[in-house]
Amino acid sequence: MLRLLNICVILVFISLVKGGFSDGSFNLTLYRQMPALHHLDDYDLCLDSSSGSYCLVYVEILPNASSSLWNQINELSQDSKHRFRHDRLFRGVCLETCKQSLGFLSDSIELGRGAIMDEELRSYYAKVHRRTADDDVRILHEELVNRCLNVEFGEKFSLRVRSLIEYCVPAVDHLEQDGLDLTFYGLVVCILLLTLCSSIHDYRLSRLTPQPTENFYSEALKSRRQQLLTSFSVVRNYYRLTQPHVSDFTRDMSFFDGFRVIGVFMVILGHTLMVFMTVPIENPEFYEQFLFRFETSIFQNGSLVIQIFFVMSGFLLYVKFTDRQLIQPKTDTLECIGVYFRVFFYRYFRLLPSLLTLILFNGTLLVRLQNGPFWRHLTEAERVFCRSNWWKNVFFVTNHMLEDSCSHQTWYLGADMQLFELFLIVIVLTNKHPKLKKTIYAILSALAFAVPAVLTYILELDAVYHLRPETYRYLYFRHSDTFYQMYPPFYTNLGGYLFGFMCGHVYLKQRSKKLEFQGHLKYELAMWLLVLATLGVLFSGYIFINHDFAKPSLWLALYAGLHKNFWLLICAGFVLLMCSKVGGMAYDFCTLPVFRPLARISFQSFLWHIVVLRVVAGYFRQPVYVSSFYLLCNVLMVFMLTQMLAALVAVLLEHPFGEILRCLMEPEKFTKENHPEIQMRRAQSAV
């Protein structure tokens, strides 16, 4: 895994460092003659006046066949795989400056009359920006802003434009607090008070203990009542975060810590690059030329990285369920149903508090953290949809209903929860009726290949989902049927849990037979072959990313069915080899103690990294010049800030509620009969 990470990082860095232009195919002089994708008036100067008002405006350049500049814009914009739409722009307009610029001009200025052509975007903005004054502002100032923009584009480019005010910010922008805001603040105060009281009580217990030990806070308390009362103790939850692995199984799986942290880092890397394609940038050609290069297949195919989490989740479900022997062939049917719902609800309620906190935060406090020309553009949809469509997240169906949803990254939680439910049924059935195991696994294997292939053929999708410059430019996924149909649905990700189950089965067999593979040359060689196979899969999508093929196509369907499952087979190979401690430096790296606490906050890192990204990217007053070093610094900054925030939320929220849930749902008899580590274990993250 370390070898793979080093190779991927080096290739991506080399790809970024290359100047940004493919030989002979790009003319920067001609490129800079086109209108900039973003131009922003001075935000702070505009709002320095009490009567000031600042508007973010979406602009469409009207076709003009007689204009050589328009023909250049149109030709460049046709390449949707690599280019932004250069006839779709954003302008930050100070209304006072606009009025002054029109003061000495004739009223006969030719306007770009009519509504914007992008009706989908108009409808989206109407749903998002619906504060009391938003509609009034559009009615009052739409024509004024359009006049200003047509003056500018007429003088500079001899072109006309249509425009749509997305929103306007007054000099005194006061968003009134409502019941939901007060509810969130009240809950935060309650959690802080509980933490304070619980920590004080835990400290008193340590003082009242006749023979206190150095490990008092890492040892489970005997009384269930005391366990509940100390569930919010900061010190005790800190120990839950940092305690070493104490059971044989957790020590065997310690490499999962490295997998989780590396996986979260790769997710943050991909999302940082994606979000920085949505903010005002001075040099969009950096991204456009970057997407032409061969080595960027790693970035474009990087969406496969998330599959390793499905494999790990399936593996842990199979091993833990089997080890605890919850279902036997002689188990009564009603008891099987009871076990299913007990396991399912334990997992559901373990994830729910953290998810609800994120939704409440995005719906209340997030929009108040920053300001700037693009701040509402980045955060208002979160505020609106987290208030109106929270139920999609709470019932874990976001992956099938991403439109008008908040916290888009939680599609993974929806898919993972649905797969968990399905494979929980599978393991209950196969433990109750062992003879059905091969049949069920065969059906699932066939579906894991057939579903992506059939969907790709019937719906005429791309063979590989890849990000285009316009895909997420407006903060939601547009014109991306391949993404919606192939990426988030649970039924296109069946292979992850299935391979996880198979890995779990092989691991338990190896453990029972005490087989040793460490130090065998053929297994070390297998690790290297897996690294090469990984690079082969990542690079294999290049031809489909950079070229269009006639659809429907059996070849595209065949590739779609094979490439994800071949990737999952590689992931399963890494898991099995590292279960046997094969991998040399890679295994040693993934089991470093530093990864242990970071892995235990990986769920919170996954939840909150987009919030951190919005805050980091949302303060820009002017378009920023993007470079490889700039992006790398932002990736590292977002990663570190995310870890700090995740640790705070884990200690104050995730671990306390996980402990309360364990006390309420686990029988006390079972708890007493097991190792204290069972009581002190962290709430297993979904990520």
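Every residue gets a number counted from 1 within its own chain, in the order that chain's sequence is written. In keeping with the model being predicted, local features are shown solely for residues with a pLDDT of at least 70 and side-chain atom pairs are shown and tallied solely at 80 or more, while totals for entire chains, interfaces and linings include all residues. Heavy atoms throughout the structure, all of them, feed into the side-chain values; hydrogens and water do not.

## A few points about the overall build of the chain
Thinking step 1. Of the regular secondary structure elements, the chain holds 31 helices and 4 strands.
Thinking step 2. Each radius of gyration reported is based on C-alpha atoms, and the globular scaling rule is 2.2 Å times the count of residues to the power 0.38. Here the C-alpha atoms of the chain give a radius of gyration of 28 Å, agreeing with the 26 Å that 2.2 N^0.38 yields for 687 residues.
Thinking step 3. Projected onto its principal axes, the C-alpha coordinates of the chain cover approximately 90 × 60 × 45 Å.
Thinking step 4. The cut-offs for exposure are 20% and 50% of the maximum accessible area for each residue type, with area from a 1.4 Å probe on protein chains only; residues under the lower value are buried, those over the upper are exposed, and the others partly exposed. The buried share of the chain, reckoned over its 687 residues, is 58%.
Thinking step 5. Long-range contacts, defined as pairs at least 24 residues apart, comprise 83% of the intrachain contacts of the chain with a sequence gap of at least 6. Secondary structure elements follow DSSP: runs of H or I no shorter than four residues count as helices, runs of E no shorter than two count as strands, and numbering proceeds from the N terminus. Pairs of residues are marked as contacts when any of their non-hydrogen atoms sit within 4.5 Å.

## What about the nonpolar core?
Thinking step 1. We call a set of buried Ala, Val, Leu, Ile, Met, Phe, Trp, Tyr and Cys residues a nonpolar core when their side-chain atoms join them within 4.5 Å. If you look at the biggest cluster of nonpolar residues, it comprises 193 residues, and the most contacted ones within it are F255, F259, F315, F423 and V575.
Thinking step 2. Sort the elements by how many residues they give to this core and helix 16 (residues 333-364) lands first, with 13 residues.
Thinking step 3. The contacts of V575, once residues within four sequence positions are left out, are F255, F256, F259, I308, V311, F315 and C503.

## Some points on unusual backbone geometry
Thinking step 1. The residue after K551, namely P552, is reached through a cis peptide bond having omega 0°.
Thinking step 2. Mapped onto the fold, P552 is located in the loop between helix 24 (542-546) and helix 25 (554-579).
Thinking step 3. The phi angle at D404 is positive, at roughly 55°, despite the residue not being glycine.
Thinking step 4. Residue S407 is not a glycine yet carries a positive backbone phi of 55°.
Thinking step 5. Mapped onto the elements of the fold, S407 is located in the loop between helix 18 (390-394) and helix 19 (411-432).

## Points about the side chain of N431
Thinking step 1. Relative to the assigned elements, N431 resides in helix 19.
Thinking step 2. Setting aside residues no more than four positions away along its own chain, N431 makes contact with F321, I327, Q328 and P329.

## Overview of the sheet that holds strand 3 (residues 88-94)
Thinking step 1. If you trace the 4 strands from one edge of the open sheet to the other, you get 1-3-2-4, paired in mixed fashion. The open sheet has two edge strands with one neighbour each: strand 1 (38-40) and strand 4 (161-170). The mean angle between the axes of side-by-side strands here comes to 15°, regardless of whether they run parallel or antiparallel.
Thinking step 2. Convention adopted: a line fitted to C-alpha atoms gives each axis, helices being fitted over their contacting stretch, and angles between N-to-C directions are expressed from 0 to 180 degrees. Helix-sheet contacts for helix 6 (residues 119-128) involve strand 2 (53-61), strand 3 and strand 4, and the interaxial angle to strand 4 is about 15°. The rule for pairing is simple: two strands pair if DSSP sees at least two bridges between them.

## A look at the environment of M502
Thinking step 1. With respect to the helices and strands, the residue M502 is situated in helix 22 (residues 494-513).
Thinking step 2. With 272 residues separating them in the primary sequence, M502 and T230 have C-alpha atoms 39 Å apart.

## Here we look at the confidence of the model for the chain
Should the pLDDT be low somewhere, the predicted coordinates at that spot are not to be read in detail.
Thinking step 1. Per residue, pLDDT measures the predictor's confidence, with a range of 0 to 100. Scored by pLDDT, the chain comes out at a mean of 87, with 91% of its residues at no less than 70.
Thinking step 2. Low pLDDT, under 50, characterises residues 670-686; the predicted model gives this stretch 53 contacts beyond four residues in sequence or across chains.

## Focus on helix 5 (residues 95-102)
Thinking step 1. Along helix 5, the positions that sit buried rather than exposed are L95, C98 and L102. Projected down its long axis, helix 5 carries its buried residues within an arc of 55°, all on one side.
Thinking step 2. Each element contacted by the buried residues of helix 5 is listed here: helix 3 (43-46), strand 2, strand 3 and helix 7 (134-157). Taken from the helix axis, the directions to the C-beta atoms give the arc we talk about.

## Some remarks on empty space enclosed by the protein
Thinking step 1. In this analysis the probe radius is 1.4 Å and the grid spacing 1 Å, with only protein atoms considered; a cavity is a set of points the probe fits into but cannot get out of, a pocket is an open set with protein on both sides within 12 Å along at least five of seven lines, and lining residues have an atom within 4 Å of a point. Grid points are joined across faces, edges and corners, and a volume is the space filled by probe spheres set on the points. Within the structure shown, the criterion is met by 6 cavities of 30 Å³ or more.
Thinking step 2. Of the volumes computed, that of the second largest cavity is approximately 170 Å³.
Thinking step 3. Lining the second largest cavity are 15 residues, with Y465, M486, Y487, H563 and K564 positioned closest to its centre.
Thinking step 4. Here the lining of the second largest cavity gets 3 residues from one element, more than from any other, and that element is helix 25.
Thinking step 5. Under this grouping Gly is polar, as are all residues other than the nonpolar Ala, Val, Leu, Ile, Met, Phe, Trp, Tyr, Cys and Pro and the charged Asp, Glu, Lys and Arg. Per-class residue counts for the lining of the second largest cavity are 8 nonpolar, 5 polar and 2 charged.

## Observations regarding the environment of G52
Thinking step 1. Here G52 shows up in the loop between helix 3 and strand 2.
Thinking step 2. Note: C-alpha distance between G52 and V169 (117 residues apart in sequence) is 8.7 Å.
Thinking step 3. The contact partners of G52, leaving out residues within four places of it in the chain, are C46, L47, E96, V169, P170 and A171.

## Description of the pattern of salt bridges
Thinking step 1. Basic side-chain nitrogens of Lys or Arg form a salt bridge, by our definition, when they fall within 4 Å of a carboxyl oxygen of Asp or Glu. All chains considered together, the criterion is met by 33 salt bridges.
Thinking step 2. With a shortest N-O distance of 3.6 Å, D548 and K81 are connected by a salt bridge. Placement of the pair is D548 in the loop between helix 24 and helix 25 and K81 in the loop between helix 4 (68-77) and strand 3, with a sequence separation of 467 residues.
Thinking step 3. Taking the relative accessible area as the measure of exposure, K81 reaches 5% and is therefore buried.
Thinking step 4. E120 is the salt-bridge partner of R478, the closest N and O atoms lying 3.4 Å from each other. Here E120 lies in helix 6 and R478 lies in the loop between helix 20 (437-458) and helix 21 (481-486), a separation of 358 residues in the sequence.
Thinking step 5. We classify E120 as partly exposed; its relative accessible area is 38%.
Thinking step 6. In this structure, a network of salt bridges that share partners links the residues R131, D134, R376, E380 and R383.

## Some remarks on a nonpolar patch on the surface
Thinking step 1. On the surface, a cluster of nonpolar side chains totalling about 490 Å² of accessible area is made up of L334, I337, F341, F345 and F349.
Thinking step 2. Within the secondary structure, L334 is located in helix 16. Two joining distances apply to patches: 9 Å for like charges and 5 Å for nonpolar side chains (Val, Leu, Ile, Met, Phe, Trp, Tyr), and every residue must have over 30% relative accessible area and no salt bridge. Residue burial considers only the protein chains on display, and all accessible areas are found by Shrake-Rupley using a 1.4 Å probe.

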